[in-house]
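# Per-entry structural report
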Amino acid sequence: MQFFVKLDKADFIGKDALVKLKEEGLSRRLVGLEMIDRGIPRSHYPVYADGVKIGEVTTGTQSPTLKRNLGLALIDAAYSEIGTEVFVEIRGKQLKAAVVKAPFYKKPQGVKPQ
């Protein structure tokens, strides 16, 4: 975790919270999700792992250019490693998804904006 605030400076509003965060680490992380089962992740859909709710989808859609169902989810940091299998609850069913690296696309090399 990288901080752009100097925590050794004099007291300022929020310093105690930032010091605590640096010492304990993050409890949740924003991760990319790619659906393995057929389904589209949408905002506020719960995310599960090991039968326990670990977070929720913040945004999701079907990508017409990438031809994949993708989303972002805020989940427990313990499940945030790339490749981790999770389940997104869609219309009462838990459908398989995988944690993937975001952004979901690679910028083409040598393409200049017009």
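Residues numbered from 1 in each chain as written. Predicted model: local features only at pLDDT ≥ 70, side-chain atom pairs only at ≥ 80, totals over all residues. Heavy atoms only, no water.

## Quick look at unusual backbone geometry
Most peptide bonds take the trans configuration, and most residues that are not glycine carry a negative phi. With an omega dihedral of 5°, the bond running from alanine 102 to proline 103 counts as a cis peptide bond. Position of proline 103 among the secondary structure elements: in the segment after β6 (93–100). You will see that histidine 44, though not glycine, has its phi angle at about 75°, which is positive. One can find histidine 44 in the loop between β1 (28–35) and β2 (46–49). Positive phi, close to 55°, is recorded for aspartate 50, a residue that is not glycine. Mapping aspartate 50 onto the fold places it in the loop between β2 and β3 (52–63). (Helix = DSSP H or I, 4+ residues; strand = E, 2+ residues; numbered from the N terminus.)

## Re helix α1 (residues 15–24)
With 1 of 10 residues buried, α1 lies mostly on the surface of the structure. Just beyond α1, the residue with positive phi is glycine 25, at close to 85°. (Buried < 20%, exposed > 50% of the residue type's maximum accessible area, 1.4 Å probe, protein only.)

## Focus: the pairing of β3
As paired strands, β2 and β3 are joined by 4 bridges and run antiparallel to one another. Residue pairing in the sheet places valine 47 in a bridge with glycine 55 of β3. The pairing of β3 with strand β4 (residues 68–76) spans 8 bridges and is classified as antiparallel. Within β4, the residue paired with valine 57 across the bridge is alanine 73. Counted between consecutive antiparallel strands, the loop separating β3 from β4 contains 4 residues, among which lysine 67 sits at a positive phi close to 55°. (Pairing = 2+ DSSP bridges.)

## Digging into the confidence of the model for the protein chain
On average, the protein chain scores 89 in pLDDT, and the residues at 70 or more come to 95%. α1 is the least confidently modelled element of the protein chain, averaging 84 in pLDDT, while β2 averages 98, the highest of any element. (pLDDT = per-residue confidence, 0-100.)

## Examining the sheet that holds β4
The strand order around the closed barrel built from 6 strands is β1-β4-β3-β2-β5-β6, with neighbouring strands paired in antiparallel fashion. Taken pair by pair, the neighbouring strands of this sheet meet at an average axis angle of 45°, ignoring direction. (Axes fitted to C-alpha atoms, helices over the stretch in contact; angles between N-to-C directions.)

## Some words on the environment of valine 47
Relative to the elements of secondary structure, valine 47 occurs in strand β2. Separated by 41 residues in sequence, valine 47 and valine 88 place their C-alpha atoms 4.6 Å apart.

## Digging into the side chain of asparagine 69
For asparagine 69, the position within the fold is in strand β4. A distance of 2.9 Å separates the side chain of asparagine 69 from the backbone oxygen of glycine 39, its partner in a polar contact. Setting aside its immediate chain neighbours within four residues, asparagine 69 contacts Leu33, Glu34, Met35, Gly39, Ile40, Pro41, Thr61 and Gln62. (Polar contact = N/O pair within 3.5 Å; in protein donor to acceptor, adjacent residues only side chain to side chain. Contact = heavy atoms within 4.5 Å.)

## Comments concerning the environment of alanine 98
Its place among the elements puts alanine 98 in strand β6. With a relative accessible area of 16%, alanine 98 lands in the buried category. In this structure, the C-alpha to C-alpha distance between alanine 98 and valine 5, residues 93 residues apart in sequence, is 34 Å. The residues contacting alanine 98, other than those within four sequence positions of it, are Gly32, Leu33, Glu34, Ile36 and Thr84.

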